[in-house]
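Here is how the chains run, residue by residue.
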Amino acid sequence: MLEIFKSGGPLMYVILLLAILGLAVVLDRLFYLIIKESKDMESMKEEIIKLVKEDKVKEAIEICGTHKSSASKVLKGVLKEVYYDDEAEISLLEEKAREIALEELPKIEKNMWLLSMAAQLSPLVGLLGTVTGMIIAFKVISETGTGDPKALASGIAQALITTAAGLIVAVPSVFSYNYLNKKIDMVLNSIEKSSVEIMAMFKELYKQGKTIILVTHEPDIAENAKRIITVRDGKIV
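Along every chain, residues carry numbers that run from 1 in the direction the sequence is written. Only residues with pLDDT of 70 or above have their local features reported here, since the model is predicted, and side-chain atom pairs are shown and tallied only from 80 upward, although totals for entire chains, interfaces and linings are computed over all residues. As a rule here, side-chain values come from all non-hydrogen atoms in the structure, and water together with hydrogens is ignored.

## Overview of the overall build of the chain
The helix and strand labels rest on DSSP assignments: H or I over at least four residues marks a helix, E over at least two residues marks a strand, and numbering proceeds from the N terminus. Secondary structure summary: the chain contains eight helices and three strands in total. Counting helices and strands in the order they occur from the N terminus, the chain gives α-α-α-α-α-α-α-α-β-β-β. Burial classification: accessible surface area is computed with a 1.4 Å probe over protein chains only, and a residue below 20% of its type maximum counts as buried, one above 50% as exposed, and the rest as partly exposed. Relative to its 237 residues, the chain shows a buried fraction of 38%. A separation of at least 24 residues holds for 71% of the contacts in the chain among residues at least 6 apart in sequence. It only takes one pair of heavy atoms within 4.5 Å for two residues to be counted as in contact.

## Some details on a nonpolar patch on the surface
Residues Leu121, Leu124, Leu127, Val131 and Ile135 make up a contiguous nonpolar surface patch of about 450 Å² in total accessible area. Residue placement: Leu124 occurs in helix α7 (residues 112–144). Like-charged residues are merged into a patch within 9 Å and nonpolar side chains (Val, Leu, Ile, Met, Phe, Trp, Tyr) within 5 Å, provided each residue has over 30% relative accessible area and no salt bridge. Reported accessibility uses the Shrake-Rupley method at a 1.4 Å probe radius. Residues are deemed covered only where the shown protein chains occlude them. Only one rule defines a salt bridge in this text: a Lys or Arg side-chain nitrogen within 4 Å of an Asp or Glu carboxyl oxygen.

## Here's the deal with the side chain of Ser194
Relative to the assigned elements, Ser194 resides in helix α8 (residues 149–208). Residue Ser194 is classed as buried on the basis of its relative accessible area of 1%. Residue contacts for Ser194: discarding those within four places in its chain leaves Met41, Lys45, Ala71 and Leu75.

## A look at the confidence of the model for the chain
Detail in the predicted coordinates should be disregarded across regions flagged by low pLDDT. Summary of the metric used: pLDDT quantifies the predictor's per-residue confidence within the range 0 to 100. In the predicted model, the chain carries a mean pLDDT of 79, and 82% of its residues have values of at least 70. Averaged pLDDT values over the elements of the chain bottom out at 39 in strand β2 (residues 226–232) and peak at 92 in helix α2 (residues 11–36). Taken as a whole, residues 211–237 scores under 50 in pLDDT and shows 59 contacts with residues more than four places along the chain or in a different chain.

## A short note on unusual backbone geometry
What you tend to see is this: most non-glycine residues have negative phi, and most peptide bonds are trans. Despite not being glycine, Asn111 shows a phi value in the positive range, around 65 degrees. With respect to the secondary-structure elements, Asn111 resides in the loop between α6 (90–108) and α7.

## Description of the packing of aromatic side chains
Pairing of aromatic rings covers Phe, Tyr and the six-membered ring of Trp, with a centre-to-centre limit of 6.5 Å; geometry is then stacked below 30 degrees between planes, edge-to-face above 60, and tilted otherwise. What the rule picks out here adds up to one aromatic pair. With a centroid separation of 5.0 Å and 90 degrees between ring planes, the pair formed by Phe5 and Tyr13 is classed as edge-to-face. Taking relative accessible area as the criterion, Phe5 reaches 19% and is therefore assigned buried.

## Details of α2
Note on helix geometry: an α-helix contains 3.6 residues per turn, so any two residues three or four positions apart are oriented the same way. Between its first and last C-alpha atoms α2 spans 38 Å; for 26 residues at 1.5 Å apiece the expected length is 38 Å, and the two agree. Every buried residue of α2 is listed here: Leu11, Met12, Ile15, Leu18, Gly22, Val25, Val26, Arg29, Tyr32 and Leu33. One less than the number of residues in a helix, times 1.5 Å, gives the span that helix is expected to have.

Quick look at the structure:
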């Protein structure tokens, strides 16, 4: 195997570097998506909505804090805005959700461009190896004719080996890139769906003039004192 690698010429090291780079990104993204983004958001959302309707916003925030997913961070940010801001409006909550989602997006898509680069460059480097290998082969023919098959075979071998190596790296890289992109789309859809559902719930509460009981942390009020806040016309009053 090592002899085959060496026969491919110096471009094999470039292909090897692209392979290592692509593999590192795949493992990193799989770990992130499986560990942080694979939680059951549906059951968590149902529990959060239930708690908010029962005026238990603080408990809902604590539940969001136990999850590491991007969607839970968005929900937590929205709930904290309601919990601490006396002038919370639907437009403000929507802006907060959008802000946190934009902060999470680079974390979700981290280094995906490197995997895309590995997938696109590896076959091109292999093709370059094919061209250089054929140049070597034709140079041998021009210098010695066809009387030295061994020297001729060296250039042809380089051409074929680099082409094969480039494709061997490119095929799994393209597959992994598309698979991970699909997983990322699912995470983004989860964020959007969670945001829409929580906003719909608050809009419904606002229309009903729902009274939400929050525990205030203002220094001039006794610890753990409760403040009754009525929601009307899209504002906490």
